[in-house]
Structure formats: structure tokens, C-alpha cells
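Below, each chain spelled out in residue letters.
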Amino acid sequence: MRQAARADQYAEFAAARAGHLYRSACLLTAGDTHLAEDLVQETLGRLYVRWGRVSRVENPAGYAQTVLTRTFLTHQRRRSSRERAVDTLPDLADGAATDTPLRLTLLQALGRLPAKDRAVVILRYWEDRSIEETADALNASSAAVRTRCSRALGRLRDLLGEDIGTYARP
């Protein structure tokens, strides 16, 4: 009975967090929806294996985000992670957003950042994590996160240029 309750608790958690993890994974992968799905699936699988321990931590959602980020960074270190199928376009949602040029521009700029820089930007500004939380998620020092964040934002500014406002909705 105890194991069934734990499985139900995990299923409820996974259903509640999967969408958020997927959105974060899409940003980490610079819009590669297929890789984002794979990362979320791998993350949820890792959480399931350790759910007995994970369910007792203070912030299981934060733990899940950390696992997702580390899974992404591990994937980026693999040699084969640079391969991408390009014979078909990714599926688009019905009623595409009116800010598509802005989204595409931002995703393209994020995609040009190194993996760790991209992870820092996503954790700090998309996930709204503190420097200490980001450092913990990346197994880095707070000073390293501050430095990497500053350099990544500078690189994004260089990539996006001054006229990024022209992509934003009026």
C-alpha cells in the first residue's frame, strides 16, 4: 500500500510540473522541442527512481528543475548532442503568438550561447532563482555564477543589438 501511495504522489507531482519543466527545457535547448521532450522525460524518470527521497526534500519542484538543468548540461557535453534532424519543421501550436519574431530572435540568441551560459540565464531570469540557488543547481560558486551571468547577458546584448524593441508588441 505504501508503494502505491508513493506512486500516486509521484504521478500527481509529475502531472503538475511537466508543463513547467517542458517550457524550461525548451528555453534551455533554444527551441528544440524534441530534445526538450527527451530532457523532461529523462528528468521525470530520474525523479521516479529517487521519489522516496525527493518527496521528502523541502522543495521538490526546485529539485526537479535542478535535475533538468544538470540533465541538459550532461547532454550538451556528449559529442552526439550537436546532431539535429532538420528535414521537418517542429510542430506549431494553434493560433501562433503574435510575438513570434521576438520569440524566434530570443531563441536564436539563446542558442548561440554556450550551454552553461544558457543554463545560467534560464535559471536566473526565466526561473527567477537567486545567485545561490543557481550556483547550487550548477555545482558552481556564487562568484562563478555572477561572472558567467554578466558575460552571458553581455553576449546576448551583442547578439540582439539595440533594436530588439522592434520585435516587441506595441
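The structure presented is a predicted model; accordingly, all values stated were derived computationally and were not measured.

Digging into the nonpolar core
Phase 1 of the analysis: The biggest cluster of nonpolar side chains holds 39 residues, and the ones touching the most others in it are L44, L47 and L110.
Phase 2 of the analysis: If you list the elements that add at least two residues to this core, you get α1 (2–28), α2 (33–49), α3 (51–54), α4 (60–77), α5 (100–111), α6 (115–126), α7 (131–138) and α8 (142–160).
Phase 3 of the analysis: Those residues in contact with L44 that lie beyond four places of it in its chain are Y10, A14, A18 and L21.

A look at the layout of surface pockets
Phase 1 of the analysis: In this structure, the second largest pocket encloses a volume near 370 Å³.
Phase 2 of the analysis: Along its surface, the second largest pocket is lined by 15 residues, and N59, G62, Y63, T66 and R129 are the ones closest to its centre.
Phase 3 of the analysis: If you list the elements that add at least two residues to the lining of the second largest pocket, you get α1, α4 and α7.
Phase 4 of the analysis: The element best represented in the lining of the second largest pocket is α4, accounting for six residues.

Re a positive patch on the surface
Phase 1 of the analysis: Among the surface-exposed residues, R2, R6, R50, R53 and R56 lie close enough to one another that they form a single positively charged patch.
Phase 2 of the analysis: Within the secondary structure, R53 is located in helix α3.
Phase 3 of the analysis: The partly exposed category is assigned to R53, whose relative accessible area is 47%.

A few points about α1
Phase 1 of the analysis: Between its terminal C-alpha atoms α1 stretches 36 Å, which fits the 39 Å expected from 27 residues at 1.5 Å a residue.
Phase 2 of the analysis: R17 marks where α1 bends most, by close to 45°.
Phase 3 of the analysis: Restricting attention to buried positions, one finds in α1 the residues Y10, F13, A14, L21, S24, A25, C26, L27 and L28.
Phase 4 of the analysis: Tucked inside the fold, the buried residues of α1 contact α2, α3, α4, α5 and α6.
Phase 5 of the analysis: A positive backbone phi angle near 55° is found at A30, which sits one or two residues after α1.

Some words on the side chain of T69
Phase 1 of the analysis: Topologically, T69 is positioned in helix α4.
Phase 2 of the analysis: Dropping the residues within four chain positions of it, T69 is found in contact with L28, A119, L123 and L138.

What about the confidence of the model for the chain?
Phase 1 of the analysis: With 82% of its residues at a pLDDT of 70 or more, the chain shows a mean pLDDT of 82.
Phase 2 of the analysis: Here α5 stands out as the least confident element of the chain, with mean pLDDT 81; α2 is the most confident, with 92.

What counts as what
- Here the residue numbers are simple positions, counted from 1 along each chain's written sequence.
- Under the rules for a predicted model, residues below a pLDDT of 70 receive no local features and side-chain atom pairs below 80 are neither given nor counted, while totals for whole chains, interfaces and linings still include all residues.
- Side-chain numbers here rest on the full set of heavy atoms in the structure, without hydrogens or water.
- Side-chain atoms within 4.5 Å are what join buried Ala, Val, Leu, Ile, Met, Phe, Trp, Tyr and Cys residues into a set we call a nonpolar core.
- Each residue is assigned to one of three classes by its accessible area relative to the maximum for its type, calculated with a 1.4 Å probe on protein chains only: buried under 20%, partly exposed between the two thresholds, exposed over 50%.
- Secondary structure elements follow DSSP: runs of H or I no shorter than four residues count as helices, runs of E no shorter than two count as strands, and numbering proceeds from the N terminus.
- Only heavy atoms matter for contacts: two residues are in contact if any of them lie within 4.5 Å across the pair.
- Cavities and pockets were defined on a 1 Å grid built from protein atoms only: a cavity is a group of points that admits a 1.4 Å probe but offers it no way out, a pocket is an open group of points flanked by protein on both sides within 12 Å along at least five of seven lines, and a lining residue is one with an atom within 4 Å of any such point.
- Grid points are joined across faces, edges and corners, and a volume is the space filled by probe spheres set on the points.
- Each patch groups residues whose relative accessible area exceeds 30% and which form no salt bridge, using 9 Å between like charges and 5 Å between nonpolar side chains of Val, Leu, Ile, Met, Phe, Trp and Tyr.
- Exposure was quantified through the Shrake-Rupley algorithm and a 1.4 Å probe, taking into account, for residues, occlusion by the shown protein chains and nothing else.
- The working definition used for a salt bridge is a side-chain nitrogen of Lys or Arg within 4 Å of a carboxyl oxygen of Asp or Glu.
- All tallies of charge rest on Lys and Arg as positive and Asp and Glu as negative; His and the ends of each chain are not included.
- Where a charge sits is defined by one atom per residue type, namely NZ (Lys), CZ (Arg), CG (Asp) or CD (Glu).
- To estimate how far a helix should reach, multiply one less than its number of residues by 1.5 Å.
- Values of bend correspond, residue by residue, to the angle between axes fitted over the seven residues ending at that residue and the seven starting there.
- The quantity called pLDDT is the predictor's confidence in a given residue, expressed from 0 to 100.

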